[in-house]
Amino acid sequence: MRVPEHDAAGAAPQAVGAFLDKRREQIAQRWADAPLFGSVFTVSRDEAVEACKAVVDALCEVAFAGRLEDIAAPGFAPVRDQLGRMTQTRARSGSTPAAIADEVAALRAPVVQLLREESADPSSPETHESVLALTLLMGTLRLVVMETALDANAELIERQRQQLLEAATPVIKLWEGTVAVPLIGTLDSARSQVVMESLLKAIVDQRARYAILDITGVPTVDTLVAQHLMKTVAAARVMGAECIVSGIRPAIAQTIVQLGIDLGSVDTRASLADALAYAMGEQGMEISRPDAGASVR
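Residues numbered from 1 in each chain as written. Predicted model: local features only at pLDDT ≥ 70, side-chain atom pairs only at ≥ 80, totals over all residues. Heavy atoms only, no water.

Some thoughts on the nonpolar core
Then step 1. Grouped together as the largest cluster of nonpolar side chains are 46 residues, with contacts concentrated most on Leu 20, Trp 31, Phe 37, Leu 59, Leu 134, Leu 137 and Leu 141.
Then step 2. Only α1 (11-22), α2 (24-31), α3 (35-38), α4 (45-64), α5 (77-92), α6 (97-105), α7 (108-118) and α8 (125-167) provide two or more residues apiece to this core.
Then step 3. At 12 residues, α4 tops the list of elements feeding residues into this core.
Then step 4. If we skip the residues at most four places from it in the chain, Phe 37 touches Trp 31, Ala 32, Ala 48, Ala 51, Cys 52, Val 55, Met 86 and Leu 107.
Then step 5. Core analysis: the next-biggest nonpolar cluster, separate from the first, contains 27 residues, Leu 199, Val 225, Val 233 and Ile 248 among them. (Core = buried A, V, L, I, M, F, W, Y, C linked by side-chain atoms within 4.5 Å. Buried < 20%, exposed > 50% of the residue type's maximum accessible area, 1.4 Å probe, protein only. Helix = DSSP H or I, 4+ residues; strand = E, 2+ residues; numbered from the N terminus. Contact = heavy atoms within 4.5 Å.)

Observations regarding the pattern of salt bridges
Two side chains bearing opposite charge may form a pair once their charged atoms approach each other closely.
Then step 1. Inspection of every chain in the model, using the stated rule, returns 10 salt bridges.
Then step 2. The residue Arg 67 makes a salt bridge to Asp 70 at a minimum N-O spacing of 2.5 Å.
Then step 3. Residue class for Arg 67 comes out partly exposed when judged on its relative accessible area of 32%.
Then step 4. Given the relative accessible area of 22%, Asp 70 is considered partly exposed.
Then step 5. For the salt bridge of Asp 205 with Lys 201, the shortest nitrogen-to-oxygen distance reads 2.8 Å. Here Asp 205 and its partner Lys 201 are both found in helix α9 (residues 189-206), four residues apart, which amounts to about one turn of the helix.
Then step 6. Given the relative accessible area of 55%, Lys 201 is considered exposed. (Salt bridge = Lys/Arg side-chain N within 4 Å of Asp/Glu carboxyl O.)

Some details on a nonpolar patch on the surface
Then step 1. A contiguous nonpolar surface patch, about 290 Å² in accessible area, is contributed by Val 204, Val 238 and Met 239.
Then step 2. Take Val 204: it is sitting in helix α9. (Patch = residues over 30% accessible without salt bridge, like charges linked within 9 Å, V, L, I, M, F, W, Y side chains within 5 Å. Areas by Shrake-Rupley, 256 points an atom, 1.4 Å probe, with all protein chains shown as cover.)

As for the sheet that holds strand β2 (residues 178-184)
Then step 1. The five strands are arranged β1-β2-β3-β4-β5 in an open sheet whose pairing can be described as mixed. Each edge of the sheet is formed by a strand with only one pairing partner; in this case those strands are β1 (172-175) and β5 (267-269). The mean inter-strand angle of the sheet, taken between neighbouring strand axes irrespective of direction, is 30°.
Then step 2. Sheet strands in contact with helix α10 (residues 223-238) are β2, β3 (210-217) and β4 (242-246), and its direction is about 165° off that of β3. (Pairing = 2+ DSSP bridges. Axes fitted to C-alpha atoms, helices over the stretch in contact; angles between N-to-C directions.)

Side note on unusual backbone geometry
Then step 1. Within the chain, Arg 207 stands out as a residue other than glycine whose phi angle is a positive 50°.
Then step 2. Considering the arrangement of structural elements, one finds Arg 207 in the loop between α9 and β3.

Things to note about the confidence of the model for the protein chain
Then step 1. Residue-level pLDDT values for the protein chain average 83, and 89% of them are 70 or greater.
Then step 2. The secondary-structure element of the protein chain with the lowest mean pLDDT is α8, recorded at 80, while α2 shows the highest, at 94.
Then step 3. pLDDT under 50 marks residues 1-9. Its contacts with residues more than four places away, or in other chains, come to 15 contacts. (pLDDT = per-residue confidence, 0-100.)

A few points about the packing of α1 against α4
Then step 1. Between α1 and α4, the shortest axis-to-axis distance is 8 Å and the interhelical angle comes to 155°. When the interaxial angle is binned, α1 and α4 end up roughly antiparallel. Considering only the axes of α1 and α4, their crossing is left-handed. Listed contacts from α4 to Pro 13, Gln 14, Val 16, Gly 17, Ala 18, Leu 20 and Asp 21 of α1 are Val 56, Leu 59, Cys 60, Ala 63 and Phe 64.
Then step 2. Residue classes in the contact of α1 with α4 are distributed as nine nonpolar, two polar and one charged. (Parallel < 35°, antiparallel > 145°, perpendicular 65-115°, else oblique. Left-handed = near helix turned anticlockwise from the far one by under 90°. Nonpolar A, V, L, I, M, F, W, Y, C, P; charged D, E, K, R; others polar.)

See below:
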């Protein structure tokens, strides 16, 4: 049996806490078949019951603490991860946030019914106050679930964004000892970090001596983009690879000059083909024109 905290405000929260503690098993059994729990724990109903008990325990602790409206109450902490996983599962099955909120709200009715059955006089002021306190507590649980779901969705979106960045920044092995990163679109700080990490990993994995950053698909080059390129070039050099920036179009060259950006320490080439030819030439390979009937040797 739980011991109520002495500083908890009001008799109704204490009564609700005592009720939840006493009827923990019955509440869990009724909740286990509700969509919020039943559709998640499909393998074993016992798992659903145990999950329900954990939520009841959390509500009980919050009630005894007299913090019925506090979504940050410590009592909710043990079940936040569980509630987040449950809402993610429901979301993956097609449930909207509004539908999930309705599923949480539906948990209130069976608990209120049990509370009224527990009371000697369902119409008494004490029972009315307890029902109001329980309703308030269940409303706070609904807010906790929605907050947890939003946090979990934000984490999921961030992971997906990172995966998209990685997928949009492939490192290609062009030749033995030569790798390239074709950049398309805006090069911001987050993407630059992914480019650097992917390129450095490829340099190690491929034992590359030359790394080509092709910016043909980058629409504009400003000071920030140039700084990102310089950092990537410097990191590649630390790893023992020479970095070449290709795709310097006339318009970009003019912009670089007008902005006063110094790329003097960076090897640059007009096209990816020029950069590859340079890298292969530096490795002692001779390149002949196709119309001359020769090939790379």
